[in-house]
Each structure stands twice: as C-alpha cells, then as structure tokens.
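Chains, contacts and geometry: an overview
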Amino acid sequence: MVNLSIRNLVKQFGQYQALNGINIEIDHGELVVLVGPSGCGKSTLLRIISGLEGFDGGELLFDGAQVVTKPPKERGIALVFQSYALYPHMTVFQNMAFGLSNSRFSKADIRSRVSKVARSLALEGLLDRLPKQLSGGQRQRVAIGRAIVREPKVFLFDEPLSNLDAALRSQMRLEIAKLHQQLSTTMVYVTHDQAEAMTLADKIVVMNKGSVEQIGRPLDLYKKPVNLFVATFLGSPRMNILEGVVSELRPDGVTLDFAGISKLVPISGEAVKQGDRVLVGLRPEDVTVGEGVGISAKVEIVEEMGDHHLTYLSSISGQSIVVKGAGTSPNVVGDTLSAVLDPSRCHYFDSRTELALPVLS
Amino acid sequence: MTRRNWVKSILRLVTVSLIVLYSAFPFYYAIVSSFRSGTDIYKPAYFPTTFSFQNYVSIFKNQPFAQNIVNSLIVASAVVIVSMVLAVPAAYALGRVKFRGRRLILLTVLGTSMFPQIAVLSGMYQLIQSLGLYNSLGALIVSNLMLTVPFTAWMLTIFMRELPKEIEEAAIIDGAGPVKIILRVFLPLLWPAMASTGILAFIAAWNEFLFGLTFVVSNENRTVPVAIALITGTNQRELPWGNIMAASVTVTLPIIILVFIFQRRIVSGLTAGAIKG
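This structure is a prediction, so every number in the text was calculated from the model and none was measured.

**Concerning the overall build of chain A**
Across its full length, chain A holds eight helices and 20 strands. With the principal axes as the frame, chain A shows a C-alpha extent of 75 × 45 × 35 Å. Relative to its 361 residues, chain A shows a buried fraction of 53%. Taking contacts inside chain A between residues at least 6 apart in sequence as the whole, the part at least 24 apart equals 65%.

Written out as structure tokens, the structure reads:
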C-alpha cells in the first residue's frame, strides 16, 4: 500500500497543454476515480502515474519518494487497459504468468500464485484457453487477474468496463468494488461514466480541460458541487439549469426571477447585486410535478422506467426541465402542469464565472 | 437470379478466366513441352501428344543440376534467415520507436531497393572480392541480401506498426525489456507477416540471376537460374528446349510447395482476440 502525491503536475504534447498543474493527494488503500469528459486529461494522468508517459513539470511521489526516473516495473504498479491488451498468442495462464516470469519467480511459485488468483476470479477452467476463445467479461477478468497476480502496490484502471455491455458492466463494477475491499490496495480508476465514479469511489476527482474541477467524496460532490461543470457532470439525467435575474436583495436571501416565476432563494446577499444573472440548478429528483405554485410547463415526453419515470417538460419561457418521479407517471403528453421546486434544494451559480454562489444556511 | 446479376457473374467469370489463362499458360506450355522429346518439341501443340521423361533424366545426367538445386536451396534459405534476423529488429525500431530521422531512414531503405542490380554490380564485386567470397555461395548470400533486406524490413515495419500499442504497453508494465518484447510478444504476432515476406524473399533469392551469373564461375557452385540458362545442346546451334523446360518445371516445384505450406499461415489473422472482440 502506497500513498500517492501529485503536485502541480504539468504535461504538454507539443504546443498543447494536456495537464495544467494537477494537485491530488491519494491516501493508501483509497480508491480514487478520475472522471471527466473525453480529452480532459484523465487517461494521460493515469499513464503518467504508470510511467508509460513522462511529464513536463511538477512532482509525482509514491510514499513521499520521487518516481520520475523509475520505469513502470519498478514502481510496483499494475495497469488494466480499456482494450484488455491481452497477449493474443498466450493462454490465460501464460498471460497472467508473463509479468511474474519477468521478475524471476520460480516456476512453482508462479503456478501457485496464478492458480490462487484464477480461483478468486472464477477463471480456473479457462487457464488453457486463448484470449480469442473467451467472452468479453472473461477477457476483462483475465486482464484484472494479470494485474492482481503481481501484487502491485498501486492498481491503475483505464476505463476497464467501457467495452462491456450494460449488464456485464454493472456486474464487473461490483466485482471491482469487492476486489478493492479484499485487497485494500491503492487504486486509481479512470472513467467517463459518472455512475461508475459515484458507486466505486472513495474519492472522486472531476477533471475538465486538463484541470481538476473538484475533489471529494461522491455524495459531497453530488450535493455540493463547486461549479456548474461538476454539477452538470454528475447525476443522470443531468441537472436542470434555468437562468434567472436577481430582482431584490433581502436579509433572508434574494428574490430571483426565472422561468416565469419570482421566488425567494437563500443566496447570500453579499455575493450578488440587483440585476445579476444567476443560474439555478435543480436535480430532476428534486422537482415535483402537480399542485402548488410552480413553473407552468407543458409535458413533452414521458419515459417509463418501471421503478421510476422521467417527464420532460417545456416551460412557457421555453426552458426544458426534466423531472424524475417514483413509480409510473400520471402525466399525459400535452398536459400543462406546474413544476414545483424547493429553493433550499436548488444549486446557484454565478452565470459569468459559473462558480457556486454562497448559500445562507 | 435477375438478368443484371447474370451478366455480372458471367463478366466476372470471363475476367478471372482471362487472368488465369494469361498467368498460367506459359507455365502450362512449359510442362507440356517438357514431356516431349526429339523434334516433337518444335511442332506447336497445345495439348500433350507424347509423354516421356527423357528431358528430366538428361538434365540430371549431363550437368550437376542436383548440386545446383542444393546450392539454390542453401542460398535462398540463408538469405531468408539472415534477412529476418536483420529486418525484425530494424522493423521494431522503425515501426515502434520514435527517433529523429526515422522517416529518412525508411525512405533510404526503400530507395536502395530502387537501384537496378546492374548499377551496383561493380561495387558489389569489390565487396565480394574484399570479403574473399568470389566464386562461392557466400558471395550470392551477401549480394542477394541487398535485394531482400530493404523490402522485408519495409514490410515488417508496416506490420509492426499495425500491432496494437496497448499490447506493447502491457508488456512494458509487465516488466519486459525491448528484446523480450520483440521475442516473446511481437515475434509470435508477426509470424504470419514473416511467413509471407519470407516467401517473397525466398522467391527473390531463388530466381536471382545477375549476381549468380557474375559472382560464380564454376558449374558446381551455380544456382538454378544460371544453370538453366547455361544448359547447352549437343552442338552450338541446337537450343535444348526440352531440357530447359524440364529444368524450369523442376525448380518451380519447391516454390509452389512452399506457398502451399505457408498459405494458411499467411491468411490467418493471429491478432484476433487481442483487443475488444
């Protein structure tokens, strides 16, 4: 087990700044998920940690020691690739044993370690097969087995589940979570799937355009996003964003005009002034539809999911709002309803800086 | 079947037949002629009329033709082996390692194979002489390498580039150095590519004529193409067509056998199952 420190890390590809000053502290035994849209630099960061890629500035420390000059094999890391990257001409056994044989383990030692890992991943019957004779999920397990068998100090995953179909993906997600409980090794996991990030992570690092947007525990990020990007990136369906204008400053908040209504919201009066534009973010599950004073809107589409439903509304002022409700939907397409929201559950962002505005508690 | 499809398939059949006829007819004519004897050979006939092994017997009797075949086998095999030993590491460097001047080297490699053989003949002669290889099979191995190494290196570079980068990176993570990556990971994956380039190199060396004619003077050390060209009749004016045809057919067989053996290897894609799937 190792703790990782990434300090002010900079990476350039020619003129292009791929990472501009990344700072992340990863405690030993922690599972940290790097999440962000494609091109945000998360895979590059992972490859830098693995040693496959160098960097142009800053520090990378394993347990406080610089690892810049160390090649991958001396860092005690293992990397699971998105494409599995199994050796196609080697059997499952040989795939898992390859790394060990490079480290001069004895034959008996290799055999016992591989069979132990194979047992834990339910690969025992497949040891003599070639990768092409395996299903996608089995290949992924072999790739994970190849990583575990070397007992690395740091486990790196590069979008390991994105090639699997939905059912298999949630199953493997569970297996990775179990794996982390068993091994309690430091893990860094890259994904663009926010559901994987939310469910697996001890700590999420949201990245965008080569910078860290926010670091924190999954629910903290979900409940208290520091900016618009984090707010809209986490959560599915996406958070609704409505634009409003500050009309009055009051001691208990400010009055905000948006989507055809005027509402007292708990934004600190010191952060805004009259006439400022504010973005109101509300999660689909925090909006209710029906009786009460709310945003008047027309039902456009209803999606039934069985256990819950999504209603896509279009407000009179033309803004679209998604509402998530339990059970089946009573709403009919074409109806005009009222979307009711609780100001204390909304998120507020400065429309210019896109940073979260301070809220009165 | 619609009328259109009908026309299409007939057209396809005709085209394929023409190509087959064009490429196979000379060889067919050689086989037919090789089984004729005496003056029959000068009468044009498209179908076998007589059948005799006389020509085949005489080529082995009147000159060291068996020895020539062995020579060719030695030269061609050695050329293939040495070419591969040189071309695989070269292809690794040119295909997978980034360094300044890589493109220039690649173009130079390609450029050397554009020189006509005759242009390098005198220089090659100097080289052969200084190595003390004149009139030996070694001379032919060294000179043929000039023909085979550039294109084997070039082709393997292309194949090497197509191998997924992740597999190489997985091996690096697994702690394998460059030599181990080449031998344990790339070589098995390149096997089909090596088989096909190897056969091309073998054919090139097997058919090579100019170096064979120039650098070897004694009958016993000659390779097959030169030996066939120098087959003489009973007198100066007689051209021993029958013998030449028999000899040509004989030396084509090893190539055909080789292609049949490796055909399946060449076609099969070994990388299946490496990524995704």
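**Considering the domain arrangement of chain B**
Residue and element names in this part refer to chain B. The domain architecture assigned to chain B consists of domain 1 (1-52) and domain 2 (55-272). Each of domain 1 and domain 2 was reduced to a C-alpha centroid, and the two centroids are 30 Å apart. Taken together, the contact between domain 1 and domain 2 spans nine residues of the former and ten residues of the latter. Of the roughly 740 Å² buried where domain 1 meets domain 2, counting both sides, 70% is carbon and sulfur surface. Summed over the three residues of domain 1 that lose the most area to domain 2, namely F27, S34 and Y42, the buried surface amounts to 53% of that side. Taken together, the connections running from domain 1 to domain 2 amount to zero salt bridges.

**Focus on the pattern of salt bridges**
All names here are of chain A. One pass over the full model with this rule turns up 15 salt bridges over all chains. In this structure, E159 and K42 form a salt bridge, with 3.8 Å as the shortest nitrogen-oxygen distance. Placement of the pair is E159 in the loop between β7 (154-158) and α5 (166-183) and K42 in helix α1 (residues 42-50), with a sequence separation of 117 residues. Across this residue pair, the class does not change: E159 and K42 are buried.

**A look at the sheet that holds strand β18 (residues 320-326) of chain A**
All names here are of chain A. An order of β15-β19-β16-β17-β18 is seen for the five strands of this open sheet, with the pairing classed as antiparallel. Because the sheet does not close on itself, it has two edges, and the strands there are β15 (287-289) and β18. Taken over all neighbouring pairs, the strand axes of this sheet differ in orientation by 45° on average, direction set aside.

**Let's talk about the interface of chain A and chain B**
Contacts between the two partners involve 27 residues from chain A, matched on the other side by 23 residues from chain B. Of the roughly 2200 Å² buried where chain A meets chain B, counting both sides, 60% is carbon and sulfur surface. With a shortest N-O distance of 2.7 Å, A:R47 and B:E169 are connected by a salt bridge. Taken together, the links from chain A to chain B amount to nine residue pairs in polar contact (both at pLDDT 80 or more). If you list the elements that add at least two residues to the side of chain A that touches chain B, you get α1, β6 (77-80), α2 (92-102) and α4 (136-148) of chain A. Among the elements that line the side of chain A that touches chain B, the one with the most residues is α2(A), at four residues. Tallied by class, residues from the side of chain A that touches chain B come to 14 nonpolar, seven polar and six charged.

**Digging into the nonpolar core**
In terms of nonpolar packing, the biggest core is built from 94 residues, with A:L45, A:I49, A:F62 and B:F65 touching the most fellow members. Counting residues per element, this core draws most heavily on helix α8 (residues 178-207) of chain B, which supplies 13 residues. With residues up to four places along the chain from it excluded, the contact list for A:L45 reads A:I6, A:L9, A:L19, A:I22, A:I24, A:L34 and A:M207.

**What to know about the environment of B:L18**
Residue and element names in this part refer to chain B. Tracing the sequence through the fold places L18 in helix α1 (residues 3-34). With relative accessibility at 54%, the residue L18 sits in the exposed group. Taking the C-alpha atoms as reference points, L18 and P240, 222 residues apart in sequence, are found 30 Å from one another.

**Considerations on the packing of aromatic side chains**
Each aromatic ring pair is summarised here by two numbers: the centre-to-centre distance and the angle between the ring planes. All names here are of chain B. Taken as a whole and judged by the stated rule, the model has 17 aromatic pairs over all chains. With a centroid separation of 5.3 Å and an interplanar angle of 35°, the aromatic rings of F35 and Y56 are classed as tilted. In this pair, F35 is assigned in the loop between α1 and α2 (54-62) and Y56 in helix α2, connecting sequence segments 21 residues apart. Here F35 matches Y56 in class, with each residue buried. Summarising the aromatic geometry, the rings of Y125 and Y134 are spaced 5.6 Å apart at their centres and angled 75° between planes, so their arrangement reads as edge-to-face.

**Focus: unusual backbone geometry**
Residues and elements named next belong to chain A. Omega for the peptide link from S236 to P237 comes to -5°, which places this bond in the cis form. By the secondary structure assignment, P237 is in the loop between α8 (228-233) and β11 (240-250). Although it is not a glycine, K209 adopts a positive phi angle of roughly 50°.

**Quick look at the packing of helix α5 (residues 117-131) of chain B against helix α6 (residues 137-162) of chain B**
Residues and elements named next belong to chain B. Taken N-terminus to C-terminus, the directions of α5 and α6 make an angle of 140°; their axes are 10 Å apart at the nearest point. For the element pair α5 / α6, the angle class is oblique. Relative to α6, α5 is oriented so that their crossing is right-handed. Facing Q117, V120, M124, L127, I128 and L131 of α5, the residues of α6 in contact are A139, V142, S143, M146 and L147.

**Considerations on the pairing of strand β9 (residues 203-208) of chain A**
All names here are of chain A. Taking burial as the measure, the six residues of β9 include six buried ones, the bulk of the element. Of the two faces of β9, the one lined by K203, V205 and M207 and the one lined by I204, V206 and N208 are each fully buried. Across four bridges, the pairing between strand β3 (residues 31-35) and β9 is parallel. Counted as the bridge partner of L34 is V205 from β9. As paired elements, β9 and strand β10 (residues 211-216) share five bridges and run antiparallel to each other. When the sheet's bridge partners are listed, I204 is paired in β10 with G216. From the end of β9 to the start of β10, which pair antiparallel, there are two residues, and K209 there has a positive phi angle of about 50°.

**Side note on the environment of B:I199**
All names here are of chain B. Residue position: I199 is located in helix α8. The exposure class of I199 is buried, given its relative accessible area of 7%. Taking the C-alpha atoms as reference, I199 lies 8.4 Å from F262; in sequence the two are 63 residues apart.

**With respect to the packing of α6(B) against α8(B)**
Residue and element names in this part refer to chain B. Relative orientation of the contacting elements α6 and α8 amounts to 150°, with a least axis distance of 10 Å. When the axis of α6 is compared with that of α8, the two are roughly antiparallel. Relative to α8, α6 is oriented so that their crossing is right-handed. Contact residues: N144, T148, F151, T152, M155, L156, F159 and M160 in α6; F186, L190, A193, M194, T197, L200, A201, A204 and A205 in α8.

How each quantity is defined
- Residues numbered from 1 in each chain as written.
- Chains lettered and ligands numbered in written order.
- Predicted model: local features only at pLDDT ≥ 70, side-chain atom pairs only at ≥ 80, totals over all residues.
- Heavy atoms only, no water.
- Helix = DSSP H or I, 4+ residues; strand = E, 2+ residues; numbered from the N terminus.
- Buried < 20%, exposed > 50% of the residue type's maximum accessible area, 1.4 Å probe, protein only.
- Contact = heavy atoms within 4.5 Å.
- Domains from an automatic or database assignment.
- Buried area = accessible area lost by both parts, 1.4 Å probe.
- Salt bridge = Lys/Arg side-chain N within 4 Å of Asp/Glu carboxyl O.
- Pairing = 2+ DSSP bridges.
- Axes fitted to C-alpha atoms, helices over the stretch in contact; angles between N-to-C directions.
- Polar contact = N/O pair within 3.5 Å; in protein donor to acceptor, adjacent residues only side chain to side chain.
- Nonpolar A, V, L, I, M, F, W, Y, C, P; charged D, E, K, R; others polar.
- Core = buried A, V, L, I, M, F, W, Y, C linked by side-chain atoms within 4.5 Å.
- Phe/Tyr/Trp six-rings, centres within 6.5 Å; stacked < 30°, edge-to-face > 60°.
- Parallel < 35°, antiparallel > 145°, perpendicular 65-115°, else oblique.
- Left-handed = near helix turned anticlockwise from the far one by under 90°.

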